[in-house]
Every structure is written in C-alpha cells, then in structure tokens.
Amino acid sequence: MNKYARPREKIIVREYDDNIVAKIEKELNISKMFAKILASRGLADFEKSKEFFNPSLENLRDPFLFNQMNAAIQRIIMAKETSEKIVIYGDYDVDGITATSLILRVLKKIGITADYYLPDRLTEGYGVSKNGIEAIVRSGANLIITVDCGITAVDECEYAKRHGIDMIITDHHEAKDEVPDAVAIIDPKVDAEKYPDKELAGVGVALKLAQAICITLKTDDFWKDELDLAAFGTAADIVPLIGENRIITTFGYKKMQENPNLGLGALIFAQGMSKKTLTTSDVVFKLSPSVNAAGRMGDPKIGVKLLLSKNQNECENYVKTLVATNTQRREIEDGVSKDAFLVCEENIDFENEFAVVVAKKGWHSGILGIVAARLVERFCRPAILFSIDDEGIAHGSARTFGKCDVLAALTECSDILLTFGGHKAAAGASINAKNLDAFRKRFSDAIKKQFVTVDSLVPIVYADAEINVAQLTPKFFANLKRIEPFGPSNMRPVFVARNLNHKFSPKAIGKNGEHLKLYVSGDGYCIDAIGYGFGSRFDEIKNAQNFTLCFVLGENTYMGKSELQMEIRGIEAGTQG
C-alpha cells in the first residue's frame, strides 16, 4: 500500500507595516494587537474601520448601478401589467434555493404569482438546460428570470427566444467569452459591468433586483423582509463577507434570530439553535447541509416549499424530510469517502503527483464535492472525484486549497474534457472515462506549474499575531466578537502562543480518538484547548517538553457554564520560541 503521511502544518505569522499599525492604533485608540488584526483586513483608516464596525443598510449600494437593472425592472413591470407568466429558474444549492424563494416572495407582494423551476442535479446538472427550457415552454411562460445561474446559457437563451420567451439573467458566476442575448444581465462579474461590489452571492444579486423593484414601484421596502434568506444563502455560498455581504449577513443573522422566515425558523428550531446567537459557522455547518441535501440526493424543490410556506405544521414536516435526507446523505458520503481514501492510498504516487484524481462507477454524484474536499484536507492536494455513468461518461467535482486555482488547471485540460466550469476554489467537469488516465497526468502537471515541487504541498496556517495566554481574557474575547460575522476575507483571527506546557495530560477523544484535548499553561495562566482532527498527533504532543499552538479563540459551553477555549489550527511540538 502506498501509505501517505500528511506533512506537518507550516505556521507563518503575518508581517505588517509598522507605520500602518501605529496609525490604526492611534486613530482608533486600540491596542497594537487589534491594530494588527484590522491591518490584516485592509482597514487602514478611520472611515473604513467605522463602516466595518458599524454596518448599516444605508450603506447598501444603489441597485441601479448595475448597467442593465433598469431594463430588467421595466420588463418585469410589463409582465405584471400584461399578466404574462413568469418562471424563476434557480439552482439546487442553498444559494439558488434562497434566491428563488426571495424573488418569488417579493413578486407575490407586488401582485405577481410566478412559478419556478429547479434542475435535477442528478439528471440535468448545474445551470440552465435545454430540457429545463422545454419544460418552461410547455408551461406557457413568457418570461424567465434566472437566479444564481444563466450567465453561460448562450444557446439556451437563444432557444428560449425562438420559442417566444424573454430571459432576464441574474447571476454571480464568471462569464465566458460570449454572454447570453438576454433582455438584461445582472451579474457583477460580467465584463464592463460598473457595479462596484463584485462578490455578491447569487441571492445577493437577487436581493438587489428585489430592492430595485421596490424603489421603482415606490412600495414598502419588502426586500428588507428577505434579509434572513439573503444572509442564509450568502453564508452558505462561502463568498467573502466584506462590503455588502457583511451588511447582508449582519442584519440577516439578526432577523434569523428575532423574526425569521417561518420555514427557516422551523429549521433553526429543529437544529436546537432558537436561543443561540447565530454565526456563519452555524449557517454553513448546521443549517445549510439539510437544505443542500435535498438538491444533492434528489428533489431540491422541498427547500423552496419550506421557505415559501405559511403553515407551521407544513414547515415542520418539510424540515423532518430535509433532516432525514441529510442523514441519508451522510451515510452515502461516508461510504464513498472510505472507497476514495482506499483508492488513493493504493494508487496515487504521492512523491510525484500534484493532484488526486479518483474515479469509480456508481458513486453518488450528489456528494462528490464534499468527498473531494475531504481528500484535499487529507492529502494536501487539489482533488477531483469522478462518478462514471452507464454510458462511460465520468462526471466530476473538484476542490482545492490555499491559492491553487483548480479552474485554471481544468482549463489547461479543456481539449479532452466534455464540459467544465466553476470557480478557482471549486469546479466541475465531465470527461469520457477512457481519457481519465491522460487527464490524471495533465491535471497533475497543470497543478505542478502552480506549486513547482511536491515539498511545497504542505498545509500553511497564517497567524494574525503572536499572543500570550495571559492576554486571553473575557474582555479580549468580547472585543474579538465585534469583528463578526466571520467568513471568507474576514476569517476568525488566528493567534500563535509559544512555550506552552501541559497542565494535565492530553487526551485523544472522539469515537476513534480522532480529536485532541489539552489543558495548557503559559505565562502562569491556564486554558482549555481542543484540536478537531488532531488525534493522530497525540504521541507527539504528549511527549513534547514544550510546544507552540496556532489557534482561534472560542468558547466552550458545558452544563450552562462557558469558558474560553483554544481551537487548534496547527501544532509545533518541542519549539522553544
């Protein structure tokens, strides 16, 4: 067996311009430690910091900054006045489901009862399809509004037009060389689009459309009622939580806690979070999986039905179905993960291959991305997992880490791929199974260009600053919480504490001892520490005379009592500082 030993994390403490740090420290009258944290987020002056710490709905941008927003709104108004049938064409993930629900709810409030269409992930795949358009043609619709998809649907848009259907494209994905000939395109990433906030999620773009509708019709601000849905989809899609996304999630999380959408409230209650201050982590790891599971395993429409329902019992039944589907998804995912790990251990040449490419007939295509992410974490390489269908076509999902651009690597292999697309960090592709061996080598070579040597394929943990255990106080933690909501581009601050010792013997905990539990001392102070997934480092840390921990500061609540806790991100055993 070609056994793989995961390399140790490399801890790098960020370096700062001393002048900038001193400027922030003085202007904001804060500690040097917090000045460094703000500097790492590009908050180098008072006005930027003020806006960051005091998000306001008034700072949301004018939706009519989008080049074609007015054209989109005028077409919707015309459809309303002439009673045309409108169909919202969404996506099957949380971003698409929340965007679909948001637009349907806002349209209904202005007197438009629209229909919706979500593709089947297993039979149609992502995005607008000809099959989807044909179904909408048969329904007698005159206007399609896409959400979280459509920017690459050039042929499909033309097909719709030939059948007398106009399209308004709202999306947030990258366009290709040619864009659809639609009535309007609302996508911040389209070339020549002047809208300044480029990182909106699909539901964020949908919210801007809803905002523009309310402004044009001079209605109440109906769009504000949907901030919880917008925050849910934004967080779930792992977009940078800066700019408008920070405002959306700040106010959306508040609404989720105080007065949520009925269906979303039922989901929050079922997850035992009704009385909890919600975080991005809660949304991504507790709420999103159940809604995503419906799209991964079969019918995503139940997510929309949940968010549109006005009946409490109905919502509770939808939630039960979603939770059960997610349990089934986890079981299938675990089985595919075991298979994939075994194939990798036996077949990947880790000394020479820069990527993990694994394929097998019969793997459930709905969970390929999740398992690919597990492979990345385990093997410190970009990974793409393929499921081969009965026609010999392999459908794959790719994930990566760090700054490695998996979409660029796929582009270099485009001549042997049938389809591909996505983002730098996550993408999908399909290929004739007979070309998988050639793809495996070419994909690895494309990744190699970005890394140069196998030795560079190591997990790197960037720390914002070094800190002493004595500084980890409740007041310090309270100040950290002012930076929330955390997420991409505003991650939880990471710290390094050196010259630590054991207060009590460490423990390997969890079902299979996969986690590490420590109680450490430093500077005469003690603190609890937990390392999820660090159980394999038990002997190393137990025998260390002293050690360094890289961590984020969290809070552990047990039997109603809370205490600060290090959440370990990296370990260096035996370092002297």
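Structure: above.
Residues numbered from 1 in each chain as written. Predicted model: local features only at pLDDT ≥ 70, side-chain atom pairs only at ≥ 80, totals over all residues. Heavy atoms only, no water.

### Concerning the environment of Gly-510
Stated precisely, the cut-off is as follows: Put simply, DSSP marks the helices as runs of H or I at least four residues long and the strands as runs of E at least two long, and each gets a number from the N terminus on. Burial here depends on accessible area, computed with a 1.4 Å probe over protein chains only, as a share of the maximum for the residue type. Under 20% is buried, over 50% is exposed, and the range in between is partly exposed.
Secondary-structure assignment places Gly-510 in the loop between strand E14 (495-509) and strand E15 (515-522). For Gly-510, a relative accessible area of 45% corresponds to the partly exposed category. Separated by 23 residues in sequence, Gly-510 and Gly-533 place their C-alpha atoms 9.5 Å apart.

### Let's talk about the sheet that holds strand E6 (residues 184-186)
Worth spelling out the cut-off: Think of it this way: DSSP has to see at least two bridges between two strands before they count as a pair. Angles run from 0 to 180 degrees between N-to-C directions of axes, and those axes are lines fitted to C-alpha atoms, restricted for helices to the stretch in contact. A contact between two residues is defined here by any heavy atoms of the two lying within 4.5 Å.
Spatially, 5 strands are ordered E3-E2-E4-E5-E6 in an open sheet, and the strand pairing comes out parallel. The strands lining the two open edges of the sheet, one partner per strand, are strand E3 (115-117) and E6. Taken pair by pair, the neighbouring strands of this sheet meet at an average axis angle of 20°, ignoring direction. Here helix H5 (residues 94-109) sits on the sheet in contact with strand E2 (86-89) and E3, set at roughly 155° to E2.

### Overview of the pairing of E14
Strand direction decides the pairing type here: strand E13 (residues 465-466) and E14, joined by 2 bridges, are parallel. When the sheet's bridge partners are listed, Glu-466 is paired in E14 with Val-496. Bridge count for E14 against strand E17 (residues 547-558) is 4 bridges, and the pairing is antiparallel. Looking at E17, one finds that Val-496 is bridged to Cys-550. Here 6 bridges tie E14 to E15, and the two strands are oriented antiparallel to one another. Of the residues in E15, the one forming a bridge with Ala-508 is Leu-516. Taken together, E14 and the strand that follows it, E15, pair antiparallel across an intervening segment of 5 residues, in which Gly-510 is found at a positive phi of about 100°.

### As for the packing of aromatic side chains
For clarity, the threshold we go by: Aromatic pairing here means that ring centres of Phe, Tyr or Trp (its six-membered ring) are within 6.5 Å. Orientation follows from the plane angle: under 30 degrees is stacked, over 60 is edge-to-face, and everything else is tilted. In this analysis the charged atom, NZ for Lys or CZ for Arg, is taken to sit over a ring once it is within 6 Å of the ring centre and within 35 degrees of the ring normal.
Summed over the entire model, instances satisfying the criterion amount to 12 aromatic pairs. With a centroid separation of 5.2 Å and 20° between ring planes, the pair formed by Phe-439 and Phe-443 is classed as stacked. In this pair, Phe-439 and Phe-443 both sit in helix H17 (residues 436-451), 4 residues apart, roughly one turn of the helix. Accessibility assignment for this pair places Phe-439 and Phe-443 in one class, buried. One Lys or Arg, Lys-176, reaches over the ring of Phe-420 and ends 5.7 Å from the middle of that ring. Positioned above the aromatic ring of Phe-52 is the side chain of Arg-246, whose terminal nitrogen or guanidinium carbon lies 3.7 Å from the ring centre.

### Topic: the nonpolar core
We count it as follows: We define the nonpolar core as a collection of buried residues of types Ala, Val, Leu, Ile, Met, Phe, Trp, Tyr and Cys that are connected through side-chain atoms lying within 4.5 Å of one another.
By size, the foremost hydrophobic cluster in this structure holds 73 residues, and its most contacted members are Ile-88, Leu-107, Leu-209 and Met-256. A total of 9 residues in this core trace back to one element, the largest contributor, which is helix H8 (residues 202-217). When near neighbours in sequence (up to four residues on either side) are disregarded, Leu-209 contacts Met-69, Ala-72, Ile-73, Ile-76, Ile-103, Ile-145 and Thr-170. Counting 38 residues, the second largest nonpolar core, distinct from the first, contains Ile-24, Ala-465, Ile-541 and Leu-564.

### Remarks on the state of the cysteines
Formally: What counts as a disulfide here is a pair of cysteine sulfur atoms lying within 2.5 Å.
Following the criterion strictly, the structure yields 0 disulfides and no others. In this structure Cys-550 is not part of a disulfide, and its nearest cysteine sulfur, from Cys-380, lies 15 Å away.

### So, unusual backbone geometry
Trans is the prevailing form of peptide bonds, just as negative phi is the prevailing case for residues other than glycine. Following Glu-484, the chain continues to Pro-485 via a peptide bond in cis, the omega torsion being 0°. Among the structural elements, Pro-485 can be located in the loop between helix H18 (474-481) and E14. For Ile-238, which is not glycine, the phi dihedral falls at a positive 55°. The class of Ile-238 is partly exposed, set by a relative accessible area of 49%. The phi torsion at Asn-499 lies on the positive side, around 55°, for a residue other than glycine. Among the structural elements, Asn-499 can be located in strand E14.

### As for helix H4 (residues 69-81)
Cut-off, in case you're wondering: Any helix carries an expected span of 1.5 Å times its number of residues minus one.
Under the 1.5 Å per step criterion, the end-to-end length of H4 is 19 Å for 13 residues, consistent within 8% with the ideal 18 Å. Against E2, H5, strand E4 (143-146), strand E5 (166-170), E6 and H8 lie the buried residues of H4. Two residues or fewer after H4 comes Ser-83, characterised by a positive phi angle close to 55°.

### With respect to the sheet that holds strand E7 (residues 356-361)
With mixed pairing, the 5 strands of this open sheet are ordered in space as E7-E8-E9-E11-E10. Whereas interior strands pair on both sides, the edge strands pair on one side only; in this sheet they are E7 and strand E10 (419-422). Within the sheet, the average angular offset between the axes of one strand and its neighbour, ignoring direction, is 15°. Bridging between strand E9 (residues 393-399) and strand E11 (residues 426-432) involves 7 bridges; their strand directions are antiparallel. Following the sheet pairing, Ile-393 is matched in E11 by Asn-432. Seen against the sheet, helix H14 (residues 312-347) touches E7 and strand E8 (383-388) and runs at an angle of roughly 125° to E7. With respect to the sheet, H17 is in contact with E7, E8, E9 and E11, its orientation differing from that of E8 by roughly 170°.

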